[in-house]
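Architecture and fold: a report
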Amino acid sequence: MVRLSLLPRDRTFFDLFIEAGHNTVYTARLLDEMMRTWPDDGGLARDILKAEQEGDRITHDIVQRLNSTFVTPIDREDIYGLATQMDDIVDYTEEVADFMGLYSIEAPMDQALGLTEVLLKSCEQLYGLLQNLRGFKDLDHYWIEIHRLENDGDRIYRDAVASLFSNGIDPMVVIRWRDLFLRLERAIDATETSASIIEGIVIKNS
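First, a word on what this report is: a plain description of the structure on this page.

Cut-offs used in this document
- Residues numbered from 1 in each chain as written.
- Predicted model: local features only at pLDDT ≥ 70, side-chain atom pairs only at ≥ 80, totals over all residues.
- Heavy atoms only, no water.
- Helix = DSSP H or I, 4+ residues; strand = E, 2+ residues; numbered from the N terminus.
- Rg over C-alpha atoms; globule rule 2.2 N^0.38 Å.
- Buried < 20%, exposed > 50% of the residue type's maximum accessible area, 1.4 Å probe, protein only.
- Contact = heavy atoms within 4.5 Å.
- Areas by Shrake-Rupley, 256 points an atom, 1.4 Å probe, with all protein chains shown as cover.
- Lys, Arg positive; Asp, Glu negative; His and termini not counted.
- Charge placed at Lys NZ, Arg CZ, Asp CG, Glu CD.
- Salt bridge = Lys/Arg side-chain N within 4 Å of Asp/Glu carboxyl O.
- Phe/Tyr/Trp six-rings, centres within 6.5 Å; stacked < 30°, edge-to-face > 60°.
- Core = buried A, V, L, I, M, F, W, Y, C linked by side-chain atoms within 4.5 Å.
- Axes fitted to C-alpha atoms, helices over the stretch in contact; angles between N-to-C directions.
- Parallel < 35°, antiparallel > 145°, perpendicular 65-115°, else oblique.
- Left-handed = near helix turned anticlockwise from the far one by under 90°.

1. Examining the overall build of the protein
Within the protein, the regular secondary structure consists of six helices and zero strands. For the protein, the sequential pattern of α-helices and β-strands runs α-α-α-α-α-α. Taking 17 Å as the expected radius of gyration for a compact globule of 206 residues, we find that the protein reaches 18 Å, a close match to that expectation. Taken over the C-alpha atoms alone, the protein extends approximately 65 × 30 × 20 Å along its principal axes. Buried positions account for 50% of the 206 residues belonging to the protein. Long-range contacts, defined as pairs at least 24 residues apart, comprise 84% of the intrachain contacts of the protein with a sequence gap of at least 6. With the model as given, the accessible surface of the protein reaches about 10,500 Å², and the carbon-plus-sulfur share is 50%. Taken together, the 21 basic and 38 acidic charged side chains of the protein have centroids lying 5 Å from each other.

2. Digging into the pattern of salt bridges
One pass over the structure, following the stated rule, counts 14 salt bridges. For the salt bridge of Glu19 with Arg57, the shortest nitrogen-to-oxygen distance reads 2.6 Å. Of this pair, Glu19 sits in helix α1 (residues 12-37) while Arg57 sits in helix α2 (residues 44-68), and the two are 38 residues apart along the sequence. A salt bridge links Arg36 to Glu117; its shortest N-O distance comes to 3.9 Å.

3. Points about the packing of aromatic side chains
Scanning the model with the defined rule gives three aromatic pairs in all. Their ring planes at 35° and their centres at 5.0 Å tell us that Phe99 and Tyr103 sit as a pair that is tilted. Residues Phe99 and Tyr103 agree in their burial class; the two are buried. With centroids separated by 5.3 Å and ring planes inclined at 35°, the aromatic side chains of Trp177 and Phe181 adopt a geometry described as tilted.

4. Describing the nonpolar core
Phe17, Leu119, Leu129, Phe181 and Ile198 are the most contacted members of the largest nonpolar core, which has 66 residues in total. Breaking this core down by element, the ones donating at least two residues are α1, α2, α3 (76-102), α4 (110-131), α5 (140-164) and α6 (171-205). Examining the composition of this core, we find that 13 residues originate from one element, α6, more than from any other. Filtering out sequence-adjacent residues up to four positions away, Leu119 remains in contact with Ala28, Leu31, Ile89, Thr93, Leu184, Ala187, Ile188 and Thr191.

5. Thoughts on the packing of α1 against α2
Here α1 crosses α2 at 165°, and the two axes come no closer than 10 Å. Looking at the two axes, α1 sits roughly antiparallel to α2. Note that α1 runs across α2; the crossing there is left-handed.

6. Some points on the environment of Trp177
By the element assignment, Trp177 lies in helix α6. A relative accessible area of 4% means that Trp177 is categorised as buried. Residues Trp177 and Asn23, 154 residues apart in the sequence, show an inter-C-alpha distance of 25 Å. If sequence neighbours within four positions are ignored, Trp177 has contacts with Ile105, Ala107, Pro108, Met109, Ala112 and Leu164.

7. Looking at unusual backbone geometry
For the peptide bond that leads from Trp38 to Pro39, omega is 10°, which places it in the cis range. Its identity as a non-glycine residue notwithstanding, Ser104 has a phi of 50°, on the positive side. Its place among the elements puts Ser104 in the loop between α3 and α4. For Ser104, a relative accessible area of 56% translates into the label exposed. Here the phi dihedral of Phe136 falls at roughly 55°; this positive angle occurs in a residue that is not glycine. Look at Phe136 and you get buried, because its relative accessible area is 14%.

Listed below in structure tokens is the structure:
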């Protein structure tokens, strides 16, 4: 038996998710540029902070709309979970940019460049997924690729942490870079969690 709702479902959530997805790509791209040009900041840290604030604004809009909408196009817990995970992506990305300055990083390690590249590619795949979410079809290749990228990120992260403890590096440098690597890994993990939530949404609506 097919259940039909007589109440309209607010489709604006899809537009807001697309907006949030675009912001993750924009923020990750700024961080990637920052890593590649460091220590020449060029105002990128400020731009990343503004993008993080924009992410907060989008998340706030989603939650406000969720609280004022009676019938939603997808389950409420999925809307909230996806919004907060995408907000986490941008938050962790901004923390990395902030720490680069706070920790007086002289030059980025190769693994940081690798993790930032993985993050950017993951965000691009997530954005593509969100742009096509309305139809709930033919999305498998997006989350498969995001999962593959997350595995790449895990491998780079393990190599990065191992390198910190194998070359007689100053303990303070170890602590600083471990913080940076951890936040990059968490940002990548948040893209995979976002993709997993979307996979569940698709299954529920197929």
